[in-house]
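# Breakdown of the fold
Each chain, letter by letter, is given below.
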Amino acid sequence: MAAPIEIIEKKLLSDRWFHLYKYVFDLKRRNGGKVRQIREVYDRGDGATILLYNRARGCVVLTRQFRIPTWLNGNESGMLLEACAGQLDDHSPEACIRNEAVEETGYVIGKVEKLFDAWMSPGGITERLHFFAAEYSEAQRDNAGGGVADEDIEVLELPFSEALAMVKDGRIKDAKTIMLLQHAALSGWFD
């Protein structure tokens, strides 16, 4: 099905970190009419995220790092507890998440399971995020993790029940992490 729009103008506003465009377009309405809309769209590329879990120990691996957008929007410390994730760049989603797991958490993961993909903020950001899960063991630990040179990532191993409690009481506020933890709970991975 063809998109119900006609692009009138596309203008690059910024290309410093990712690309920010201004679009002017006519949207065809269901009743046959048209409405002109102007939107700014942030093209940051697609990403991947993974929940590392250990069923036998009842634990998950999460990371904590500073996220300036959250700080600018009222997160006093700017720190966010979240699942390992990264931008695809020129990699497949699975290759991306394998690389990110080693960089961020220090674990070289084996078999990964693709769970689903989702548009994370479709009102203004192009990103589609690919969600994965993989079991880990201490034997798969290759290094301490912590990210690349411009990152400062703390690696945390938490009981799954505590991670779910952190969602409930607001200590975990990252959408992708909440989605992964809820998926694990709904799937009964730790029953």
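Residues numbered from 1 in each chain as written. Predicted model: local features only at pLDDT ≥ 70, side-chain atom pairs only at ≥ 80, totals over all residues. Heavy atoms only, no water.

## Here we look at the sheet that holds strand β2 (residues 19–28)
Filter applied, for reference: In this description, strands pair whenever DSSP reports at least two bridges between them. Helix numbering and strand numbering both begin at the N terminus, where a helix is a DSSP run of H or I of at least 4 residues and a strand a DSSP run of E of at least 2. Helix axes are fitted to C-alpha atoms over the stretch in contact, other axes to C-alpha atoms as well, and angles between N-to-C directions run from 0 to 180 degrees.
Reading across the sheet, the 3 strands line up as β1-β2-β3 and stay open at both edges, with antiparallel pairing between neighbours. Two strands close off the open sheet at either side, each with one partner strand: β1 (5–14) and β3 (34–43). Within this sheet the neighbouring strands show an average axis-to-axis angle of 20°, counted without direction. In this sheet, β3 lies alongside β2 in antiparallel orientation, the contact comprising 10 bridges.

## Digging into helix α3 (residues 160–168)
For the record, the criterion: Between buried and exposed lies partly exposed: a residue is buried under 20% and exposed over 50% of the maximum accessible area for its type, with that area taken using a 1.4 Å probe on protein chains only. Directions are taken from the helix axis to each C-beta atom, and the arc is the one they span. Any pair of residues with heavy atoms lying within 4.5 Å of one another is described as a contacting pair.
Along α3, the residues classified as buried are Phe160, Ala163, Met166 and Val167. Axial view of α3: buried residues confined to an arc of 115°, hence all on one face. Exposed and oriented more than 90 degrees from the buried face of α3 are Ser161 and Lys168. The elements touched by buried residues of α3 are β5 (59–66), β6 (79–82), β10 (154–159) and α4 (175–187).

## Overview of the nonpolar core
So the rule is basically this: The set of buried Ala, Val, Leu, Ile, Met, Phe, Trp, Tyr and Cys residues whose side-chain atoms join them within 4.5 Å is what this entry labels a nonpolar core.
Core analysis: the biggest nonpolar cluster contains 22 residues, and Leu51, Val60, Leu62, Leu81, Ile172, Leu181 and Trp189 have the highest contact counts within it. Of all the elements in the fold, those that place two or more residues in this core are β4 (47–54), β5, β8 (113–119), β9 (128–135), β10, α3 and α4. Of all the elements, α3 adds the most residues to this core, at 4 residues. Leu181 has contacts with Leu51, Val60, Phe160, Ala163, Leu164, Val167 and Ile172, leaving out every residue within four places of it along the chain. Formed by 16 residues, the second largest nonpolar core is a distinct cluster that contains Ala48, Leu52, Cys59 and Val112.

## Brief notes about the UniProt feature "short sequence motif: Nudix box" (unreviewed entry) in the chain
Condition: UniProt positions are given in the numbering used here, feature names are shortened, and annotations may be inferred rather than shown by experiment.
In this structure's numbering, the residues bearing the UniProt feature "short sequence motif: Nudix box" (unreviewed entry) are residues 86–107. Regarding residues 86–107, the helix share stands at 59% and the strand share at 9%, and the terminal C-alpha atoms are separated by 15 Å.

## Observations regarding the domain arrangement of the chain
Worth spelling out the cut-off: Start and end points for every domain follow an automatic or database-based domain assignment. Here the quantity called buried area is the total loss of accessible area, with a 1.4 Å probe, experienced by two parts when brought into contact, counted for both. For this analysis, a polar contact is any N or O atom pair within 3.5 Å, provided that within protein one partner can donate a hydrogen and the other can accept it, and provided that sequence-adjacent residues contribute only side-chain to side-chain pairs. When residue character is reported, Ala, Val, Leu, Ile, Met, Phe, Trp, Tyr, Cys and Pro are called nonpolar, Asp, Glu, Lys and Arg charged, and the others, Gly included, polar.
Along its sequence, the chain is carved into domain 1 (5–43) and domain 2 (47–187). With centres defined by C-alpha atoms, the gap from domain 1 to domain 2 works out at 31 Å. Between domain 1 and domain 2, the residue contacts involve 5 residues of the former and 4 residues of the latter. Taken together, the two surfaces of domain 1 and domain 2 that pack against each other cover about 380 Å², and 58% of this comes from carbon and sulfur. Considering only the side of domain 1, the residues that lose the most area to domain 2 are Phe18, Val41 and Tyr42, jointly responsible for 67% of the buried surface there. Summed over the shared surface of domain 1 and domain 2, the number is 3 residue pairs in polar contact (both at pLDDT 80 or more). When the residues that make up the side of domain 1 that touches domain 2 are grouped by side-chain class, the tally is 3 nonpolar, no polar and 2 charged.

## Here we look at α4
Heads up, the rule is: Each helix should span, by expectation, one fewer than its residue count multiplied by 1.5 Å.
Between its terminal C-alpha atoms α4 stretches 18 Å, which fits the 18 Å expected from 13 residues at 1.5 Å a residue. Two residues or fewer after α4 comes Gly188, characterised by a positive phi angle close to 70°.

## Overview of the pairing of β5
Among the 8 residues that make up β5, 6 are buried, leaving the element largely enclosed by the rest of the structure. Inspection of the sheet shows β4 paired to β5 by 3 bridges, in the antiparallel sense. Counterpart to Asn54 in the pairing with β5 is Cys59. Where β4 folds back on β5, the antiparallel hairpin that results is connected by 4 residues, among which Gly58 adopts a positive phi of roughly 70°. Sheet topology places β5 next to β10; 6 bridges connect them, and they run antiparallel. Each bridged residue has a counterpart across the sheet, and for Cys59 the counterpart in β10 is Pro159. As defined by bridge partners, β5 adjoins β6 across 4 bridges and the pair is classed as antiparallel.

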